[in-house]
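# Descriptive structure summary
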Amino acid sequence: MTQPEPTRPASPDRRIVRNLEHRPALAFQAFTTSLGHVPKAVKLRDDVPVQQGRKETPAKTVHPRDTRYPCALCLGGAIMQLLSRRKFLAGAELAAAGVLLGACQPKVVEKIVKETVVVTEERVVEVEKEKVVKETVVVTEEKVVKETVVVEKAVKETVTIMPVTMAYYWDDAMNALMPNFLEQFPHIKVEPIVVPGWSEYPVKLMAMHAAATLGDTVEYDMGWQFMEWAHKGIIRPLDNLIEATGFDIDMFYPSGREASTFQGHLIAIPEDTHPGCVAPYYNADMLGELGLDPPSNDWDYAEYLQYLQKVTQDTNNDGQTDIWGIGCHSSIKGLYPELRANGGTMYDAEARKCLYNSEAGLMTLKNRYDLFQTYKVHPLPGGEAYDSLYRSGKMWMRLMTPTHIMSMTTATKDLFRTEAVVMPKSTKTGEIGTATTGIGYCMTTLTKYPEETWDFLQWIGSQWYGLEAFHQGFTTPGGRKDTWGDASVAEQWPFAKEIAAILEYSEAYENPWNLRHQEIQRVFNEIESRMYLGEIQPDEAADTIVTEIDKILEMPMI
Amino acid sequence: MTAISQRSTGASGTGIFGWSRLRRREIVNGYLYMTPWLIGLLVFYFIPILWSFILTFTDYNIVRAPIFLGIANYKRLLLEDSYVWPSLYRTFYYAIVMVPVGLIASLLAAMLLNQHLNGTTWFRTFFFLPTLTPAVAAAFIWKWLMHPEMGLINYLLWQVGIKGPGWMSATRWVIPSMMIVGLWGGIGGTRMLIFLAGLQGVPQELYEAAEIDGANSWHKFLNVTLPMISPTFLFNLILGVIGALQVFTIAFTATDGGPGTASTFFTLYIYRQAFEFFSMGYASALAWFFLVVILALTLLNFHFSGRWVYYEGEVRR
């Protein structure tokens, strides 16, 4: 017969603890009391069963220990009696380890921060409430309050993004627009890295990328340069961000998107888009002085030549031309629309062979050569800058990209009236050629803040930005259909609708397969320049262009 | 005597190589003082030079890691690149005119200043001023002076009935124009001062001896001055050849190598390959090739200098 194990009478201390286990309110009272140093006797209720099957002696006022000690110690002493020293030490070690681990995780807060930025605040609070309510009410409230504070702090955490830009772009107009962005995104600071100009930009960008100091966005001529940077891993595709945020990229002109696409991925926001050198501007007052009507958008190439010959003058009969007919944008870019208008292309379908010695290519070079050497309506390269000639009234017409129309109109408004006209249609095809270009904004692969940088790019690509920038003095209303077609733009710049109409069918540049456009451009410019100077004839120039460019096309990918 | 020698060596302790403690300390201190310079030389010169040589065997665009190509870059520059030899030819054309004309003109200027005439100090300052003008500023000023239609030079020529050339805008005239700019900046510069120092170092008694022998000015110049300043002449010649072959700034700033390729000198071509096309490997190969060319010319100069350079106190066998 087994003897029942004698029940050890509960000591007063143990009783207190056990009672505390079952009485959270009492435990809290004991805890809060322990924080004060005036020990108070704990009044236990009579009807609380301390141990199952046992009826505890109704308690009177019990004092656990000597009243000289604080109650926290009383509680500690009670705990010590419950636990063995070994268990206590093990528990203390675990607690210390926990504290240590907790202390070693400073990023935990940041993690919460990042998550809470994505999930709404309310949800977090609700979840925490549900979770904590199961325990004690008081603690729950404390916890919720703490979490809320952390979330609010996270949302306001400031992030600085650094667009790598050019002094030409980050001007007063841009500074006037920036408050709008900062207002929308108060946690994003924008500190531009300003590079002086176009020629320094690629060098600076490459050096900064190599040194891992490149900023968050880059901006440049759309097309080959972006392809090169994407190929070298300097800029990143934007497809995922567009998809995730539902950014309306279809609002941009197709050729702008095409010029910003590399291997099927969009790598830039085509913020500024235009169809290339398709619309020369001219000194309208000069025509009035000569008794000529302004050219219409339907003029043909013969009329174009007649105008140029009529306005080209030797005013003082010293055998030197004083007023030139036209100054054209040279290089591949300047001739491309005309090449296309004549039915030609720069490369074959795979962009591995140059086709400039085709009939269309030869015709394009011949037309340009005639302006310099046959009709002598174009000043030779190396002399006074064409812009300077135009501004001083020594040149009637300038064939540049449409970005220059507005800037030159503004620059000459006190001197004479500048108007624009669409290039005459090709005598061969009856069409106007195009070559879409402009400025695109890209995100670098080195950015630490893709979300914030994407916010900035979306803002740059917004309709608001396109229109406001134009009204602030930018040269075009951007790259969107809803900015080019906006009534406020047409009101300020009526010719914009002509450009917008051409943009609807404009085509992007072709890029060489190995992306060695820079080398090709250099070779092209040198040969073209010799042709303009009359050192070589157009047919020889065409053959030399093809020979030299084919050599570059045989080289490996850049 | 013995006591002194003991004190200087044995007493202060003789270490390795028999150096005294003081000597050792001096050596250590000397090297410590040199260390910053040595580190600078190593980090900023020696290692980059070595690295550039390694790059000559690679395709390197500064973004991705270099790709080993073997001697492909050298093969390309020697056999395939149609820009290398014309640009080298232009560079030599420039140097062949610039070096002798510049040397003679600088020597003449130095001789003038060595006449101890009134106002020599002022003239020396005026002659030296162009050297102090920043090369880029000088290039732009000269570009405007030589402007075919609006330039001051053509205007002055037109005043006397001459139709001026296109200068930097004309293929034929662009390099001669740059020579003029180079001579303007180079004649009265450091080279002239070195010649002046050389001339002032010629002993007067040699001229007196020559005069006693009945030598006239020309004879004195030919038989006393020239031999005595021949080491200075050699020094200036070597520096002049190297400097002329490295012509870059004027072509880069004033013409960008144009019109066409008419002023694309070799250094400009290296620059383009490096910083326009980012073909660092190929640009390094071009640079090392050019180094070999300059080194060969310098060695040739040294080799033939034995025939015309006279060093005072030298014993000829």
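Scroll up for the structure.
In this report, the structure presented in the accompanying data block is examined. (Residues numbered from 1 in each chain as written. Chains lettered and ligands numbered in written order. Predicted model: local features only at pLDDT ≥ 70, side-chain atom pairs only at ≥ 80, totals over all residues. Heavy atoms only, no water.)

Turning next to the overall build of chain B. Tallying secondary structure elements over chain B gives 14 helices and two strands in all. For chain B, the spread of C-alpha atoms along the three principal axes comes to 90 × 70 × 40 Å. Looking at chain B as a whole, 40% of its 317 residues qualify as buried. Long-range pairs, those at least 24 residues apart, make up 64% of the contacts in chain B with a sequence separation of at least 6. Carbon together with sulfur atoms contributes 70% to the accessible area of chain B, which is approximately 18600 Å² in total. Taking the average place of the 19 positive charges on the side chains of chain B and the average place of its 13 negative ones, the gap between the two points comes to 8 Å. (Helix = DSSP H or I, 4+ residues; strand = E, 2+ residues; numbered from the N terminus. Buried < 20%, exposed > 50% of the residue type's maximum accessible area, 1.4 Å probe, protein only. Contact = heavy atoms within 4.5 Å. Areas by Shrake-Rupley, 256 points an atom, 1.4 Å probe, with all protein chains shown as cover. Lys, Arg positive; Asp, Glu negative; His and termini not counted. Charge placed at Lys NZ, Arg CZ, Asp CG, Glu CD.)

This paragraph deals with the environment of serine 462 of chain A. For serine 462 of chain A, the location among the structural elements is in the loop between helix H19 (450-460) and helix H20 (463-472). As for serine 462 of chain A and threonine 483 of chain A, which are separated by 21 residues in sequence, their C-alpha atoms are 9.2 Å apart.

Quick look at the sheet that holds strand S15 (residues 418-420) of chain A now. Strand pairing in a sheet relies on backbone hydrogen bonds, with the paired strands running either antiparallel or parallel. Residues and elements named next belong to chain A. Spatially, S13-S14-S12-S15 is the arrangement adopted by the four strands of the open sheet, whose pairing is mixed. Looking at the sheet topology across the chains shown, the edges are occupied by strand S13 (324-328) and S15. Put simply, the sheet's adjacent strands are angled 20° from each other on average, direction ignored. In the sheet, S13 pairs with strand S14 (residues 395-399) via four bridges, with the strands oriented parallel. Following the sheet pairing, isoleucine 326 is matched in S14 by methionine 397. Sheet strands in contact with helix H14 (residues 301-311) are S13 and S14, and its direction is about 140° off that of S14. (Pairing = 2+ DSSP bridges. Axes fitted to C-alpha atoms, helices over the stretch in contact; angles between N-to-C directions.)

Before going further, it helps to spend a moment on the packing of helix H10 (residues 204-212) of chain B against helix H11 (residues 217-245) of chain B. All names here are of chain B. Packing of H10 against H11 leaves a shortest axis separation of 10 Å and a crossing angle of 160°. Of the possible angle classes, the one that applies to H10 and H11 is roughly antiparallel. Pair H10 / H11 crosses with right-handed handedness. Seen from H10, the contacting residues are Leu206, Tyr207, Ala210 and Glu211; seen from H11, they are Lys220, Val224, Thr225 and Met228. Its residues assigned to classes, the contact of H10 with H11 shows five nonpolar, one polar and two charged. (Parallel < 35°, antiparallel > 145°, perpendicular 65-115°, else oblique. Left-handed = near helix turned anticlockwise from the far one by under 90°. Nonpolar A, V, L, I, M, F, W, Y, C, P; charged D, E, K, R; others polar.)

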